[in-house]
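Structure at a glance
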Amino acid sequence: MSELVPTKPVDILAQSLLRLPQLVKIHQPNNKIFVENLKIFREALNAMWADMSEIALRAHRGRLYLNQQKLSPGPTMVITVAKLLELLDARGFFGFRFSRKEDLTDEDIVQFIRKVNQCQSQPEPAQWLEKELAESWAKPIVDQDFKIAFVFSPSADGKATGRPLVWNSGTRTLAVKARKSYSRALATVTGLQDRLMEGENVNISKSRRVVQDMVESLFQEERLLLNLSTIRDYDDYTCTHCVNVAILSMCLGRRLGLSKIAVVTLGLAGLFHDLGKVDVPIDLIRKTTKFTAEEYEIVKNHSLYSVCRILQINADHKLKAKLVVAPFEHHLGIDLAGYPVSDRHVPLSLFGRIVAIADHYDALTSSRSYRPVPMNPEQALDIMTSISGRALDPLLLKVFINMVGIYPIGTLLVLDTKEIAIVAETPPNAIDARPMAYLLNKDSDFIIKGEMINISDTDENGNFLRNILRCFHPADFGLNAADILL
Ligand SMILES: [Fe+2]
Ligand SMILES: [Fe+2]
């Protein structure tokens, strides 16, 4: 894949904030490359200042925000954003605020960038930088208090309310850790695919570290990682799909009592299951209409291509032998009637059966180019149940449904009391049990997270106080469940 160049001013801004601190160290201020990069940075700022007098680029719970709006990094930006978050984290502040400055000069920018570098060697970088830049057009963001604005636009019947949502921020260390592992995993897959396409040597160590990290989170608190996979909020489908399949597979593996080492191997197999898609023409991957018979034949090759790509990775042979099995089998079905077609009679491996379930679930509940509105979990699990025994292993599917629940965390519920709620907790080990949820209340111009309700509460006659009429994927309402719940 040739290097993708960001075009949006905010993306250019983020990239410059990473690049300029490096360039200022190695170039004189009049160096051609350096001057060119200063110009790019200034033009991005000017373009944004045309719409807003102040630009606040802020990290919050492992995501990047422009003023109050969350940025969804596309494939070009995933790595840049992850690195920028690391840069901010290392210096102990949350971002930068740029106030509109007419006639911004190269010297102004150079001064700012130099201070950003110098703060690194200070005992308290954030406080030092805040003081140094107190009068500057560019300042670090050091206050933790942050409110995110959401646009809440129920569109089931086409009536968008367009009301903003405001939640107070709160710090949750474990959730932040899980989110970091998630975005690191995402950046790793993106980088891996890019390097494979460039024909470069790829080592397994980074992917293994990322998966080990996720396994640690998983063994500490399953729900956080599981939530991140079911409450998906990253835009790049192919990479999020790989990370989600890895997480869902690892969670299922853990439920089945696999050892930590086995869960790591399973996670890697999940992460690499669609690696062969880099060898399928990009037009087919992005196609929004149905495949022709010939096109489908080409797409079907991706499981074999995945095997070839995994074999090219620099890793121990024994490990690679274990890793290729699930990617090879993930579209084969337990009846062996899927693809790649062969006359094999050996039953599917355990990892193959697990990854197939995770793969189906994530594909059905994600928005895809050909299906912009994702299925809600209930519909997805219905479809999966209908192919249980043929494509999917019935017993494992039961455990999986038990794990994600009919109403996974983040599902929006429309109740017979005309209330809307968002699932916050599902009772463990009860497939059809009623979940706990937060009510979403209207409050003048805002819709706010209300009290937690238990949908299994009954009145004195034993009748349920509330019943679920319908459930929606939060994306149907333009909502991002992760921001509300994590
Ligand atoms: Fe696949
Ligand atoms: Fe897949």
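Each chain has its residues counted from 1, running along the sequence as written. Each chain is given a letter, starting from A, and each ligand a number, starting from 1, according to the order in which they appear as written. It should be noted that, the model being predicted, local features are given only for residues of pLDDT at least 70 and side-chain atom pairs only at 80 or more, the latter also being counted only at that level, while totals for whole chains, interfaces and linings use all residues.

The next thing to look at is the overall build of the chain. To qualify as a helix, a DSSP run of H or I must reach at least 4 residues; to qualify as a strand, a run of E must reach at least 2; elements of each kind are numbered from the N terminus. Secondary structure assignment for the chain yields 19 helices and 12 strands. Buried positions account for 39% of the 486 residues belonging to the chain. Contacts spanning at least 24 positions in sequence make up 66% of the contacts within the chain whose residues lie at least 6 apart. Exposure classes come from backbone-placed C-beta atoms, where a residue is buried if 20 or more other C-beta atoms lie within 10 Å of its own, exposed if 12 or fewer do, and partly exposed in between. Contact between two residues is assigned whenever their backbone-derived C-beta positions fall within 7 Å.

Turning to helix H1 (residues 9-26), a few remarks are in order. To estimate the expected span of a helix, subtract one from its residue number and multiply by 1.5 Å. The end-to-end C-alpha distance of H1, which contains 18 residues, comes to 25 Å, matching closely the 26 Å that a straight helix rising 1.5 Å per residue would cover. Axes are fitted to the seven residues ending at a residue and to the seven starting at it; the angle between these axes is taken as the bend at that residue. The largest bend in H1 comes to about 30°, at Arg19, with the proline Pro21 one to four residues further on. Listed in full, the buried residues belonging to H1 are Pro9, Ile12, Leu13, Ala14, Gln15, Ser16, Leu17, Leu20 and Val24. Structurally, H1 contributes buried residues whose contacts are with helix H2 (32-49), strand E1 (54-60), strand E2 (63-66), helix H3 (78-91), strand E4 (95-99) and helix H4 (106-118).

Let us now look at the environment of Gln68. Note on placement: Gln68 falls in the loop between E2 and strand E3 (69-70). On the neighbour-count criterion, Gln68 (14 C-beta atoms within 10 Å) is partly exposed.

Further remarks concern the sheet that holds E1. The strands making up a sheet are joined through hydrogen bonds of the backbone, oriented either antiparallel or parallel. The sheet built from 5 strands is open, its strands ordered E3-E2-E1-E4-E5 with antiparallel pairing. Of all strands in the sheet, those with a lone pairing partner are E3 and strand E5 (138-141), marking the two edges. Two strands make a pair as long as DSSP finds a minimum of two bridges between them. As judged from the 4 bridges shared by E1 and E2, these two strands associate in the antiparallel manner. In the strand pairing of E2, His60 is matched with Arg63.

Further remarks concern the packing of helix H9 (residues 237-255) against helix H18 (residues 394-404). A pair of packed helices is characterised by two quantities: the angle between their axes and the separation of those axes. Fitting a line to C-alpha atoms yields each axis, with helices limited to the stretch in contact; the angle taken between N-to-C directions then spans 0 to 180 degrees. In the contact formed by H9 and H18, the axes pass within 10 Å of each other and the chain directions differ by 105°. By the angle class used here, H9 and H18 are roughly perpendicular. Across from Cys251, Leu252 and Arg255 in H9, the residues of H18 making contact are Leu396, Val399, Phe400 and Met403. Side-chain classes follow a simple rule in which Ala, Val, Leu, Ile, Met, Phe, Trp, Tyr, Cys and Pro form the nonpolar group, Asp, Glu, Lys and Arg form the charged group, and the remainder, Gly included, forms the polar group. Residue classes in the contact of H9 with H18 are distributed as 6 nonpolar, no polar and 1 charged. Note on angle classes: values under 35 degrees are labelled roughly parallel, values over 145 roughly antiparallel, values of 65 to 115 roughly perpendicular, and the remainder oblique.

Pairing of E1 with E4, which is carried by 5 bridges, proceeds in the antiparallel orientation. For Glu54, the partnering residue across the bridge sits in E4 and is Ser99. Hairpin connection of E1 to E2: 2 residues between the antiparallel strands, including Arg61 at a positive phi of 45°.

This part covers the packing of helix H7 (residues 205-220) against helix H8 (residues 222-230). Viewed as axis vectors pointing N to C, H7 and H8 meet at an angle of 120°, and their least axial separation amounts to 5 Å. Our classification of the angle between H7 and H8 gives oblique. Across the interface between the two elements, Met214, Ser217 and Leu218 from H7 touch Glu222, Leu224 and Leu225 from H8. Looking at side-chain class alone, the contact of H7 with H8 contains 4 nonpolar, 1 polar and 1 charged residues.

Attention now moves to the environment of Leu256. Here Leu256 is to be found in the loop between H9 and helix H10 (260-272). For Leu256 and Val399, which are 143 residues apart along the polypeptide, the C-alpha to C-alpha distance reads 8.2 Å.

Turning our attention to the nonpolar core. A general feature of soluble globular proteins is that nonpolar side chains tend to end up buried together. One finds Met214, Val243, Ile247, Met250, Ile357 and Leu413 to be the most contacted residues of the largest nonpolar core, which totals 106 residues. Excluding residues that lie within four positions of it along the chain, Leu413 makes contacts with Tyr407, Ile420, Ala421, Val423, Ala437, Ile468 and Cys471. Throughout this description, the term nonpolar core refers to a group of buried Ala, Val, Leu, Ile, Met, Phe, Trp, Tyr and Cys residues whose C-beta atoms join them within 7 Å.

Before going further, it helps to examine unusual backbone geometry. Residue Pro340 is reached from Tyr339 by a cis peptide bond, and omega for that bond is 0°. Despite not being glycine, Leu336 shows a phi value in the positive range, around 60°. Among the structural elements, Leu336 can be located in the loop between helix H15 (325-329) and helix H16 (350-365).

Quick look at helix H17 (residues 377-386) now. Taken together, the buried positions of H17 are Pro377, Ala380 and Leu381. Viewed end-on, H17 has its buried residues packed into an arc of 95°, placing them on one side of the element. On the buried face of H17, the contacting elements are H16 and H18. Throughout, the arc means that of the directions going from the helix axis to the C-beta atoms.

Here strand E8 (residues 412-415) pairs with strand E9 (residues 420-425) via 3 bridges, running antiparallel. The residue of E9 that forms the bridge with Leu412 is Ile422. Counting the residues between successive antiparallel strands, the hairpin from E8 to E9 contains 4 residues, one of them, Lys418, with a positive phi of roughly 65°. Bridge count between E8 and strand E12 (residues 468-472): 4 bridges; the pairing is antiparallel. From the neighbouring strand, Leu413 faces E12, where its bridge partner is Cys471.

For the rest of this paragraph, the subject is the environment of Gly410. With respect to the helices, strands and loops of the structure, Gly410 is situated in the loop between H18 and E8. Looking at Gly410, the number of C-beta atoms within 10 Å reads 24, which means it is buried. A C-alpha to C-alpha distance of 9.8 Å links Gly410 and Leu228, two positions 182 residues apart in sequence.

With that settled, consider the confidence of the model for the chain. Known as pLDDT, the predictor's confidence for each residue is given on a scale from 0 to 100. For the chain, per-residue confidence averages 83 on the pLDDT scale, and residues scoring 70 or more make up 85% of the total. Note on residues 150-172: pLDDT under 50 across the span, and 50 contacts to partners over four residues away in sequence or across chains.

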